[in-house]
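Listed below, chain by chain, are the residues.
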There are 6 protein chains.
Amino acid sequence: MYLPQSTQRLIELALAEDLSGGDITSASTIPADLLAHARVVVKADGIVAGLDVAAAVCAAVDPALQWQALVLDGAHVTAPTVVARLAGPARSVLMAERTVLNFMQRLSGIATLTARYVRELNGTQARLVDTRKTTPGWRALEKAAVRAGGGDNHRFNLSDGILIKDNHLALGGHDVAGAIRRARSYAPHTVKIEVEVEDLAGVQAALDGAADIIMLDNMSLEMMRAAVALVGDRAITEASGGITLASIRTVAETGVKLISCGALTHSAVSLDISLDIAS
Amino acid sequence: MYLPQSTQRLIELALAEDLSGGDITSASTIPADLLAHARVVVKADGIVAGLDVAAAVCAAVDPALQWQALVLDGAHVTAPTVVARLAGPARSVLMAERTVLNFMQRLSGIATLTARYVRELNGTQARLVDTRKTTPGWRALEKAAVRAGGGDNHRFNLSDGILIKDNHLALGGHDVAGAIRRARSYAPHTVKIEVEVEDLAGVQAALDGAADIIMLDNMSLEMMRAAVALVGDRAITEASGGITLASIRTVAETGVKLISCGALTHSAVSLDISLDIAS
Amino acid sequence: MYLPQSTQRLIELALAEDLSGGDITSASTIPADLLAHARVVVKADGIVAGLDVAAAVCAAVDPALQWQALVLDGAHVTAPTVVARLAGPARSVLMAERTVLNFMQRLSGIATLTARYVRELNGTQARLVDTRKTTPGWRALEKAAVRAGGGDNHRFNLSDGILIKDNHLALGGHDVAGAIRRARSYAPHTVKIEVEVEDLAGVQAALDGAADIIMLDNMSLEMMRAAVALVGDRAITEASGGITLASIRTVAETGVKLISCGALTHSAVSLDISLDIAS
Amino acid sequence: MYLPQSTQRLIELALAEDLSGGDITSASTIPADLLAHARVVVKADGIVAGLDVAAAVCAAVDPALQWQALVLDGAHVTAPTVVARLAGPARSVLMAERTVLNFMQRLSGIATLTARYVRELNGTQARLVDTRKTTPGWRALEKAAVRAGGGDNHRFNLSDGILIKDNHLALGGHDVAGAIRRARSYAPHTVKIEVEVEDLAGVQAALDGAADIIMLDNMSLEMMRAAVALVGDRAITEASGGITLASIRTVAETGVKLISCGALTHSAVSLDISLDIAS
Amino acid sequence: MYLPQSTQRLIELALAEDLSGGDITSASTIPADLLAHARVVVKADGIVAGLDVAAAVCAAVDPALQWQALVLDGAHVTAPTVVARLAGPARSVLMAERTVLNFMQRLSGIATLTARYVRELNGTQARLVDTRKTTPGWRALEKAAVRAGGGDNHRFNLSDGILIKDNHLALGGHDVAGAIRRARSYAPHTVKIEVEVEDLAGVQAALDGAADIIMLDNMSLEMMRAAVALVGDRAITEASGGITLASIRTVAETGVKLISCGALTHSAVSLDISLDIAS
Amino acid sequence: MYLPQSTQRLIELALAEDLSGGDITSASTIPADLLAHARVVVKADGIVAGLDVAAAVCAAVDPALQWQALVLDGAHVTAPTVVARLAGPARSVLMAERTVLNFMQRLSGIATLTARYVRELNGTQARLVDTRKTTPGWRALEKAAVRAGGGDNHRFNLSDGILIKDNHLALGGHDVAGAIRRARSYAPHTVKIEVEVEDLAGVQAALDGAADIIMLDNMSLEMMRAAVALVGDRAITEASGGITLASIRTVAETGVKLISCGALTHSAVSLDISLDIAS
């Protein structure tokens, strides 16, 4: 399995910050040659994510550790569920424990929160997408966790999608059509052009410029419905701004195709997971 | 100012994941030589943290960016407050924007949550401390954010403190006193010995072994009061396990000296902060 | 100016391979405190590229070096033209010389070759785009050099564009429409779907699947004309395979919108550039 | 087999630039557990190089990939020849494909061009050597490719050989003998002293200073013959400057011992190689 | 076995500085497929250390190398003793040789010197501890070597122990008690507070401030005895400054609990170890 | 000034191991905005080395630190001498202190020991050279320290010199002349060929093979004199093996041109240097 270098680097940072001086408690109390078995137990209902990175953490701590995942990322589990087994030198099991859990808890938390949002969209046409409001250093992992939770991904970074905002118009001195024209000329032809608009005049300008995607930013439900009607099939509509679990369904019912939500990554909390060691 | 290499590496990861292909929207719509001014505005009441890492992000994006913090980490602000200014090439301002905010929002969220817990301890003797349940790669930053919020730090990693848990006893085949003796013999003399116990017998064993710190794990309030009385001045007591905003005050009132709380870092959500650009 | 970390790493590799043991000729023959001035002279007609990376090389060798570019990337120069000046410690000028030239010569060679291809497209509607057949480690630099030469960029990597080829269909067991459907469901909505086809039936299948871009792979001119007619405005057409300076114009005259050409990066040769030092 | 760290770093850069976000086409169209077999086919007559780095690329993409080389670097093949086999997870095969080919095509191109130059020297005493005009980041690989093509290597970098040029004399204010004396005193005794000269007076000065190697820079054939006669066995002669396939044989016939040629690395084009996948 | 990243990085540096261009002697004289066996022989009486890092060096040079340690770190050997065996490709054995020996010789030298100091403490209550006067880049390895020699470790770095010196008092404008109070408030509660004092008044001030450890810096034996008496069980006493093999026993006999000695790491010389290859 | 990347990496390792968690003593006792001045004082007679790396350490700790060297590497100083000044934020001065001293003490110790050996050669023709028996990670620094002490450098690594030893002959199955021939054919022509021999027959064989340098390994003085006579001007002679301060002069008086000595780097001890801070 391919593990991106960014993930490898993040694992190295994580191990360095916890283990750079070794584990002096285990080193003083547990024999070097003792083996141990452990189970990773999810202790709250939710969606599991981060199993691959957990496996890589174990391999980085000690190649002698054996990790066996019992489910796949995206599995919906009810508590308690054993989702993986870990065996090997007891000291190494304990050295890996906290980092494995810290990764899995955060990523499973994101997947679980995403699934709650996705459930609200049941029966609508809207798809849920994430944003670039991710934890620095964690983007690939968190975007994969969103997918594990049933969401979709927006662009990954500033080079694989065009998103023209107010600042680009104001700073560049362009109208919407002019900015789109420049972007289409500059960007690879494989990339779509998205424009953020705040009112129906903006929507019309984006349509006139032949934007591929129109982001309806912080619009009222009423304006959003009008925008969706105005756009029709000429572009993809995306609702954005202040989406909550309470509001997402009514937003979806306006007919927008995409709803982007920063909270999936910036406001998820950990899912409760523990490592039980059998001596 | 000294910036630990782990932080520099994390910033590099963060910029690589967002900017490795450049910012094609800005590159196509904004002139290379245009300058811009921006303000970092906190838009919800809370505690600011992450100003230093934000400054370092800007320097890493472009040495021509000028960052000026208007407050210090730990400042309590009411919304809206401008906490920093950023000036320089407009393209660079936009390239730095998301990463600056992603860092500051998460760290300020932790500081803000910490301050809410600390407020609950008002008038008690207990101090709030964090745990190792931090975001992998972020430990130094998150522990600094806890301090910014008025909390204290527990050990940073597995080598700068001894914490003997059930697993160490079971796997090593030691009683508490034996494990303490081995740890004291192995660890640098600059490090204190902490033992995790679950009942009063455990407390007594830890006292007999002359533990420096006794962690009272998931005890009932009643048992905790008894433990505190039993320990007296012979060791530092630390309450741990399932501490919430609702429960922390009653825990503190048992007389424990320390209360450790994983939620400070694993369940904090972002503080709302934005970057307003003046064209 | 923002310099991507991949470029910084490549510069580090380049300096390490040439300078890891210092420059023993200069160290033994030139005083440490001697200053020197030098001029970067293009000695063959062509397009200049790589000025930014050259500046960064100099800064990495010695912060005391002063680099001043006299033209911008993309400048068409006739030989001889002084395109930059370099001043500073003589030893450092000599240590930077070869790496500066090796970068600029290759990148200017790519820009120059690209410009020759682009000239052939004069008066046609076709745009010239590059491929992923770039020098490993150099993609961002070489794609910028293609832009400097007047070409456009295809996708940068395997994550910022979908390109469905025969192998994907055969290995996945999909027909074209099925593969497109899966890709559209998986990929961020910001990314376009391109399909590689070899005959008119393939073109029709791609149209039926609503591909955004259709790559006409190694088609005869006749078939290509038919494909262009069949597609009309329903998708972007891209000619690919065996494009040469001799053939590109006739390919363009079939009416295709894009022509991709691996030779721009895998078969460019260096432009002659030298560093003249004034003692 | 030992793989220098510089090569490992270059492979990491190469994979990061192509795969940092994964391969979204394969991920969406090919099952994760599908296996595939592929053959690396050289499609033009030439010399193969880069097999070791190709093997390392595959290992870095996915340890489950199995690479089997069928020939050694330096093999002269006629098209089409299968030079290696690759088997493993289909997605990983596709992720490795472009980078494997980009490495092998460039290195085989250099080996092939070198062999063409070497063939011209048939029957003469001259040996062909490369220069430091290599692709930044690629020096070790390209110098190995020159050897694969039958050429020899000049010094690798600025610390493993002394080469005194005009600039060193002018900047240092030395005559040839003085510069040689200083270099001999400073450099490790394991390193030879080479001096670049442009006329017979320079040759005589280098001989007087007891240079080990004398580089005859851009001399006419007549002057070069006179220089060779003057030097005799007292030093190694090296012809340099503007050597082409058309001129190299006549240069060799002057009796020089070495002929250095930058074009081997700065003006080689890719050899045509492809990866054929059997589903 | 867990190998800290700092050690992995140091091994990379070590191999890069010796092997970045390969081993041209072996490459030219020894067949690529020849296997060899070698023995690591300690040729002077002493304590072995560095076996783990030696194993990791071999693995980094070539995964095909097989390393088998015959003793553990800390073994006291008399010369000559074979302490490890190495087998694999002959070229790789020779490439690993010098780096393996350079690591083992230095670390075994430190262990051996430490053991000589420790022997002097026989029958006293004092424990020998190291300092931060270690070879930059080598701290973890050298501190492990001190343990292998029978010594103990002082704090590893500036964050896992408090040591208040004159400079802190003078620069901060604090008296001893004030500085201790500030340190106790700032530092994690898992860390002890040590104060460096130079006379009995300082000892008393440290006691009044409830320091955990009192460093008696460069005191006369007489004063040290008085200090030990004054302190009693209220703190740990540590003698420091100018400790030599000749003086350490008399220092220990003052009754101090710890004696720290920079010479263990800054003045150890290599133990004689060689690699014997059987062809 | 150019600082090789290997040195930058070593400094990063050194700072990471001492400062990764900050300096909790200074952080708690010294105000963040306090400035301090310090002097680097050599407290034993010797040769100073490491000033450049010390400067780089300070810059890496905090760009606000100002370092001013008062002497150059290689200066012979009598104790006490102030060799550098350091000014800047007090916390940063204290954070840099130990690493600056650890570097300078070791490198100055090597330079000082080298100078003692060189003094013994006074009036002889022999030059003192170092070996590859350097501290892993420190080769460039230690070889520069040898030069600062008046010694010369042997080859830096396994690629910038040929040294044929018994193992190469035995493993490769070559006689001396055959091995030299192969090495000369493989290695760059800029590199000299050295052969290690143990008796006069070996010397003769090396001469017959036209070795450039002949290493006389562990020969008796008598045999060495005979070897020197036999060689005459046909090669450079190098004495090696068990050279001590007591024996080096008599070895030199045999007439050998070079004497290599591993003790310069593997058995040097620190020179006493301290940092005095003026509050």
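## Let's talk about the overall build of chain A
Working step 1: Check the secondary structure of chain A and you find eleven helices and twelve strands.
Working step 2: Its C-alpha atoms give chain A principal-axis dimensions of roughly 70 × 40 × 25 Å.
Working step 3: Considering only contacts in chain A between residues 6 or more positions apart, those separated by 24 or more positions represent 69%.
Working step 4: As presented, chain A carries roughly 9700 Å² of accessible surface, and 51% of it is formed by carbon and sulfur atoms.
Working step 5: Seen as two clouds, the 25 positive and the 30 negative side-chain charges of chain A have centres 2 Å apart.

## Here we look at the sheet that holds strand β12 (residues 273-278) of chain A
Residues and elements named next belong to chain A.
Working step 1: In space, the four strands of this open sheet follow the order β3-β5-β1-β12, with antiparallel pairing throughout. Looking at strand neighbours, the two that pair on one side only are β3 (66-69) and β12, the edges of this open sheet. Going across the sheet, the axis of each strand differs from the next one's by a mean of 20°, ignoring polarity.
Working step 2: As paired strands, β3 and strand β5 (residues 81-89) are joined by four bridges and run antiparallel to one another. Note on β5: the bridge partner recorded for A69 is A84.
Working step 3: Where helix α3 (residues 51-61) meets the sheet, it contacts β3 and β5, and its direction lies at approximately 170° from that of β3.
Working step 4: Sitting on the sheet, helix α4 (residues 90-120) is in contact with β1 (35-42), β3, β5 and β12, with an inclination near 160° to β12.

## Comments concerning the packing of helix α1 (residues 5-19) of chain E against helix α4 (residues 90-120) of chain E
Residue and element names in this part refer to chain E.
Working step 1: Their axes nearest at 10 Å, the elements α1 and α4 cross at an angle of 130°. Between α1 and α4, the interaxial angle falls into the category oblique. For α1 against α4, the interelement crossing comes out right-handed. Here L10, I11, A14, L15, D18 and L19 of α1 come into contact with α4, specifically with M95, R98, T99 and F103.

## Quick look at the arrangement of the chains
Working step 1: Separating chain B from chain D is a minimum C-alpha gap of 8 Å, and the two share no contact.
Working step 2: Structurally, chain C and chain E remain out of contact, their C-alpha atoms never closer than 8 Å.

## Focus on the domain arrangement of chain A
Residues and elements named next belong to chain A.
Working step 1: Taken domain by domain, chain A consists of domain 1 (5-116 + 269-277) and domain 2 (119-266).
Working step 2: The gap between the C-alpha centroids of domain 1 and domain 2 is 35 Å.
Working step 3: Domain 1 puts 18 residues into the contact, and the matching count from domain 2 is 18 residues.
Working step 4: For the pairing of domain 1 and domain 2, the buried interface totals around 1500 Å² over both sides, and the portion due to carbon and sulfur atoms is 66%.
Working step 5: For E142, the salt bridge identified is with R106, shortest N-O distance 2.9 Å.

## Comments concerning the interface of chain B and chain A
Working step 1: Contacts between the two partners involve 66 residues from chain B and, on the opposite side, 66 residues from chain A.
Working step 2: Buried area between chain B and chain A, both sides added, is near 5400 Å², and the carbon and sulfur share of it is 62%.
Working step 3: Contact with chain A buries surface across chain B, with B:E17, B:I24 and B:L171 losing the most and accounting together for 14% of the total.
Working step 4: Here chain B and chain A share four salt bridges between them.
Working step 5: Between A:R139 and B:D18 there is a salt bridge, and its shortest N-O distance comes to 2.5 Å.
Working step 6: Seen at the junction of chain B and chain A, the total is 30 residue pairs in polar contact (both at pLDDT 80 or more).
Working step 7: Elements that contribute at least two residues to the side of chain B that touches chain A include exactly α1 (5-19), α2 (24-29), α4 (90-120), β7 (162-164), α6 (166-172) and α7 (176-186) of chain B.
Working step 8: Here the side of chain B that touches chain A is composed, by residue class, of 32 nonpolar, 23 polar and eleven charged.

## What to know about the relation of the copies chain B and chain A
Working step 1: Expressed as a screw operation, the relation of chain B to chain A combines 0.0 Å of axial shift with a rotation of 180°, fitting to an RMSD of 0.0 Å. As the rotation angle and translation indicate, the two copies are arranged about a two-fold axis.
Working step 2: In this assembly the copies share their binding face: 100% of the residues contributing to the interface of chain B also contribute to that of chain A.

## What to know about the interface of chain A and chain E
Working step 1: Residue-level contacts link eleven residues of chain A with five residues of chain E.
Working step 2: Interface area, chain A with chain E, both sides summed: about 650 Å², of which 47% is carbon and sulfur.
Working step 3: At the boundary of chain A with chain E, the tally comes to one salt bridge.
Working step 4: Across the pair A:E12 and E:R9 runs a salt bridge, and its minimum N-O distance is 3.1 Å.
Working step 5: Along the contact surface separating chain A from chain E lie three residue pairs in polar contact (both at pLDDT 80 or more).
Working step 6: Per element, the largest residue contribution to the side of chain A that touches chain E is six residues, and it comes from helix α1 (residues 5-19) of chain A.
Working step 7: Taken together, the residues of the side of chain A that touches chain E break down into eight nonpolar, one polar and two charged.

## Let's talk about the confidence of the model for chain A
Do not read the fine detail of predicted coordinates wherever pLDDT is low.
Working step 1: Residues of chain A with pLDDT of at least 70 account for 100%, and the chain-wide mean is 96.
Working step 2: ipTM for the predicted complex: 0.97, alongside a pTM of 0.95.

## Comments concerning the relation of the copies chain A and chain E
Working step 1: Take chain A, turn it by 120°, move it 0.0 Å along the axis, and it overlays chain E with an RMSD of 0.0 Å. The superposition of one copy onto the other is thereby described by a three-fold rotation axis.

## Some remarks on the sheet that holds strand β8 (residues 193-197) of chain C
All names here are of chain C.
Working step 1: Spatial strand order, β6-β11-β10-β9-β8-β7: six strands in an open sheet with parallel pairing. Two strands bound the open sheet, and with one partner strand each, they are β6 (127-129) and β7 (162-164). Here the strands of the sheet are splayed against their neighbours by 25° on average, with no regard to which way each runs.
Working step 2: One ladder, built from four bridges, connects β8 with strand β9 (residues 213-217); its direction is parallel. The partner of V195 across the bridge, within β9, is I214.

## Some points on the packing of aromatic side chains
Working step 1: For the structure shown, the criterion picks out six aromatic pairs over all chains.
Working step 2: Directly above the aromatic system of A:F156 lies the positively charged group of A:K143, at a separation of 5.1 Å from the ring centroid.

## Examining the packing of helix α4 (residues 90-120) of chain D against helix α5 (residues 139-148) of chain D
All names here are of chain D.
Working step 1: Two elements in contact, α4 and α5, have axes whose closest approach is 7 Å; the angle formed by their N-to-C orientations is 45°. By the angle class used here, α4 and α5 are oblique. Crossing handedness for the pair α4 and α5: right-handed. Across the interface between the two elements, F103, R106, L107, I110, A111 and T114 from α4 touch L141, E142, A145, V146 and A148 from α5.
Working step 2: Looking at the contact of α4 with α5 residue by residue, the classes come out as eight nonpolar, one polar and two charged.

## What to know about the pairing of strand β10 (residues 236-240) of chain B
Residues and elements named next belong to chain B.
Working step 1: Across the five residues of β10, four count as buried, placing the element largely inside the fold.
Working step 2: With five bridges joining them, strand β9 (residues 213-217) and β10 adopt parallel strand pairing. Within β10, the position partnered with D217 by the bridge is S240.
Working step 3: A crossover connection joins β9 to the parallel β10 through helix α9 (residues 221-231); in handedness this β-α-β unit is right-handed.
Working step 4: Note that β10 and strand β11 (residues 258-260) share two bridges and pair parallel. Pairing of A239 across the sheet is with I259, part of β11.

## Quick notes on unusual backbone geometry
All names here are of chain B.
Working step 1: Following A79, the chain continues to P80 via a peptide bond in cis, the omega torsion being -10°.
Working step 2: By the element assignment, P80 lies in the loop between β4 (76-77) and β5 (81-89).
Working step 3: Unusually for a residue other than glycine, A210 sits at a positive phi of about 65°.
Working step 4: Along the chain, A210 turns up in the loop between α8 (200-208) and β9.

## Regarding α1(A)
Working step 1: Taking 1.5 Å as the rise per residue, α1(A) with 15 residues should run 21 Å; its terminal C-alpha atoms sit 20 Å apart, in good agreement.
Working step 2: Taken together, the buried positions of α1(A) are A:Q5, A:T7, A:L10, A:I11, A:L13, A:A14, A:L15, A:E17, A:D18 and A:L19.

About the thresholds
- Residues numbered from 1 in each chain as written.
- Chains lettered and ligands numbered in written order.
- Predicted model: local features only at pLDDT ≥ 70, side-chain atom pairs only at ≥ 80, totals over all residues.
- Heavy atoms only, no water.
- Helix = DSSP H or I, 4+ residues; strand = E, 2+ residues; numbered from the N terminus.
- Contact = heavy atoms within 4.5 Å.
- Areas by Shrake-Rupley, 256 points an atom, 1.4 Å probe, with all protein chains shown as cover.
- Lys, Arg positive; Asp, Glu negative; His and termini not counted.
- Charge placed at Lys NZ, Arg CZ, Asp CG, Glu CD.
- Pairing = 2+ DSSP bridges.
- Axes fitted to C-alpha atoms, helices over the stretch in contact; angles between N-to-C directions.
- Parallel < 35°, antiparallel > 145°, perpendicular 65-115°, else oblique.
- Left-handed = near helix turned anticlockwise from the far one by under 90°.
- Domains from an automatic or database assignment.
- Buried area = accessible area lost by both parts, 1.4 Å probe.
- Salt bridge = Lys/Arg side-chain N within 4 Å of Asp/Glu carboxyl O.
- Polar contact = N/O pair within 3.5 Å; in protein donor to acceptor, adjacent residues only side chain to side chain.
- Nonpolar A, V, L, I, M, F, W, Y, C, P; charged D, E, K, R; others polar.
- Least-squares fit on C-alpha atoms with pLDDT ≥ 70 in both.
- pLDDT = per-residue confidence, 0-100.
- Phe/Tyr/Trp six-rings, centres within 6.5 Å; stacked < 30°, edge-to-face > 60°.
- Lys NZ or Arg CZ within 6 Å of the ring centre and 35° of its normal.
- Buried < 20%, exposed > 50% of the residue type's maximum accessible area, 1.4 Å probe, protein only.
- Right-handed = clockwise from strand over helix to strand, strands pointing away.
- Expected span 1.5 Å × (residues − 1).

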